[in-house]
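Below are the chains, spelled out letter by letter.
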Amino acid sequence: MKNLNFWGVLLLLAMTAVTSGVAQNPIIQTKYTADPAPMVYNDTVFLYTTHDEDDAEGFKMLDWLLYTSTDMVNWTDHGAVASLKSFDWVKRDNGAWAEQVIERNGKFYMYCPIHGNGIGVLVSDSPYGPFKDPLNKPLVWQKEHWYDIDPTVFIDDDGQAYMYWGNPNVYYVKLNEDMISYSGEIVQVENKPEHYQEGPWVYKRNGHYYMAFASTCCPEGIGYAMSEKATGPWSTKGYIMRPTERSRGNHPGIIDYKGSSYVFGLNYDLLHLETLDHKERRSTSVAKMHYNPDGTIQEVPYWQETKLEQIENFNPYRRVEAETMAWGYGLKTGNHENGGLYITDIDNNEYLCVRGVDFGKKGAKKFSVSAACVEKGGMIEIRLDSTEGPVIGSVSISPTGGLDIYKQMSCRIKNAKGVHDLYFCFKGEKGNKLFNLDYWEFE
């Protein structure tokens, strides 16, 4: 592992529980992600996030990322779907803060705060992008202050759409059906929810309107309020997650998916694998959330004290992008020139885990991987259930002529039947960038 100090080692030991399902930890490890905005579409969770750069000391945020999952534990990286450069009217080189994406009439609308320049909107025909700016100007911008951050958008049962936002106040507008304009004036919510800080997330469930938000400061927890109308008044009910010194910041995103409710938020747990010094390099976590009969929400413990079950097995008998994983601390993702991503920065003794892989009763017989390598290459040991589990195959990664020249390499597989956590354990001479991986498949 890279640059682990003593406290990082202790925390890593605690966090390896992610691969056995004992505890839930940051679900993305190849980048620093924050401000999770989940959306359910076509039976898939689309998780849009902000992106803290690897060298960030304070907030250094240039683009917005996308991850997808159908089982809540294995996530596929789709890279950046928009950035500050998506807005021609923006001259800033920082400030890509918390966004949200919502679907309406087959189009996807991304609402993006440009810190100090209002809130813009991008539109796409696909949840994967590309997202384009239809206005070439902000959707809203209260130039007298810098409160226009953290938009959340909600469409009520009658078709009326609302956009809420703000720190330290809460504002809203009624969006028109085109979702890129609004009617009436900007409204400041009177008697904002108690402990409201920023990051509102508004939704409706079983006739109740909810506003979750980053609460208190600092540290921040996740609070929530309820109402009988989309426009309030809002009655504060308590915490979804209490403030804790282990987190500092927070920003909620809430969905119902395949029969369960989930709350997403952020923490600094991944950063703390390397240092306990505070830097704005945050990571996204998720936990199950439960409602009481009256609609109030049961308090959720801190992320590492929760357990997240995989909700369906993973199918290995197809092309799987290498950037799909439950855990891959130390690895990074890169972008192909012609689109798509790959895994890079692979060091000796690092590993990638995919949870709950179903090899079936007959089992797998062959494994193939698309890899690129410059010099000596290395080996992928394929193990079951842990980094010390039984080896079901080993594939040698030989030089291909460059880290951008990919070739298929394969090996035979033995004793891979039933459902197991799958580990790719990387071996080679000490040093980084042993090889790059594009995709893999079992037969």
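Keep in mind it's a predicted model, so treat the numbers as computed, not measured. (Residues numbered from 1 in each chain as written. Predicted model: local features only at pLDDT ≥ 70, side-chain atom pairs only at ≥ 80, totals over all residues. Heavy atoms only, no water.)

Caption draft 1: Molecular detail of the overall build of the protein. For the protein, the helix and strand inventory stands at one helix and 29 strands. Relative to a compact globule of 443 residues, whose C-alpha radius of gyration would be 22 Å, the protein shows 22 Å and is just as compact. The principal-axis extent of the C-alpha atoms belonging to the protein is close to 65 × 45 × 45 Å. A burial count over the protein gives 61% of its 443 residues as buried. When contacts within the protein are restricted to residue pairs at least 6 apart in sequence, those whose partners lie at least 24 apart make up 61%. (Helix = DSSP H or I, 4+ residues; strand = E, 2+ residues; numbered from the N terminus. Rg over C-alpha atoms; globule rule 2.2 N^0.38 Å. Buried < 20%, exposed > 50% of the residue type's maximum accessible area, 1.4 Å probe, protein only. Contact = heavy atoms within 4.5 Å.)

Caption draft 2: How the structure looks around the state of the cysteines. This structure, assessed with the given rule, holds one disulfide. Between the sulfur of cysteine 217 and that of cysteine 218 lies a disulfide, 2.1 Å long from S to S. Judged by its relative accessible area of 41%, cysteine 217 falls in the partly exposed class. With a relative accessible area of 55%, cysteine 218 lands in the exposed category. (Disulfide = S-S within 2.5 Å.)

Caption draft 3: Examining the pattern of salt bridges more closely. Applying the stated criterion to the full structure yields 18 salt bridges. The shortest N-O distance in the salt bridge between lysine 376 and glutamate 429 comes to 3.3 Å. Here lysine 376 is found in the loop between β24 (366-373) and β25 (378-384), whereas its partner glutamate 429 is found in the loop between β28 (419-427) and β29 (436-442), with 53 residues between them in sequence. Residue glutamate 381 is joined to arginine 383 by a salt bridge in which the shortest nitrogen-to-oxygen separation is 2.9 Å. Classification of arginine 383 by relative accessible area gives buried; the value is 15%. (Salt bridge = Lys/Arg side-chain N within 4 Å of Asp/Glu carboxyl O.)

Caption draft 4: Highlighting the sheet that holds strand β14 (residues 221-227). Taken together, the four strands give an open sheet; going across it, the order is β12-β13-β14-β15, and neighbouring strands pair in antiparallel fashion. Edge positions in the open sheet fall to β12 (196-205) and β15 (235-241), since each of these has one partner strand only. In this sheet, neighbouring strand axes are inclined to one another by 25° on average, regardless of whether the strands run parallel or antiparallel. Strand direction decides the pairing type here: strand β13 (residues 208-215) and β14, joined by seven bridges, are antiparallel. Opposite methionine 211, over in β14, you have alanine 225 as the bridge partner. (Pairing = 2+ DSSP bridges. Axes fitted to C-alpha atoms, helices over the stretch in contact; angles between N-to-C directions.)

Caption draft 5: Focus on the packing of aromatic side chains. Summed over the entire model, instances satisfying the criterion amount to 27 aromatic pairs. For the cation-ring pair, lysine 143 lies above tryptophan 141, with the distance from its terminal atom to the ring centre recorded as 4.7 Å. Seen from the ring of tyrosine 291, arginine 205 lies directly overhead, with NZ or CZ sitting 3.9 Å from the centre. (Phe/Tyr/Trp six-rings, centres within 6.5 Å; stacked < 30°, edge-to-face > 60°. Lys NZ or Arg CZ within 6 Å of the ring centre and 35° of its normal.)

Caption draft 6: Molecular detail of the nonpolar core. Residues Tyr48, Met110, Ile240, Ile254 and Met289 are the most contacted members of the largest nonpolar core, which totals 41 residues. Residues within four places of methionine 289 in sequence aside, it is in contact with Tyr203, Ile240, Ile254, Ser261, Tyr262, Val263, Ile297 and Val300. With 34 residues, the next largest nonpolar core counts Ile346, Val369, Leu384 and Phe435 among its residues. (Core = buried A, V, L, I, M, F, W, Y, C linked by side-chain atoms within 4.5 Å.)

Caption draft 7: The domain arrangement of the protein, seen in detail. The domain architecture assigned to the protein consists of domain 1 (32-305) and domain 2 (320-442). Computed over C-alpha atoms, the centres of domain 1 and domain 2 are 34 Å apart. Taken together, the 11 residues of domain 1 in the interface contact 12 residues of domain 2. Of the roughly 950 Å² buried between domain 1 and domain 2, counting both surfaces, carbon and sulfur atoms make up 50%. Contact with domain 2 buries area across many residues of domain 1, yet Val73, Asn74 and Asp77 alone supply 47% of it, more than any other trio. Our count for the contact surface shared by domain 1 and domain 2 stands at one salt bridge. One salt bridge in this structure joins aspartate 54 and lysine 332, with 3.0 Å as the shortest N-O distance. (Domains from an automatic or database assignment. Buried area = accessible area lost by both parts, 1.4 Å probe.)

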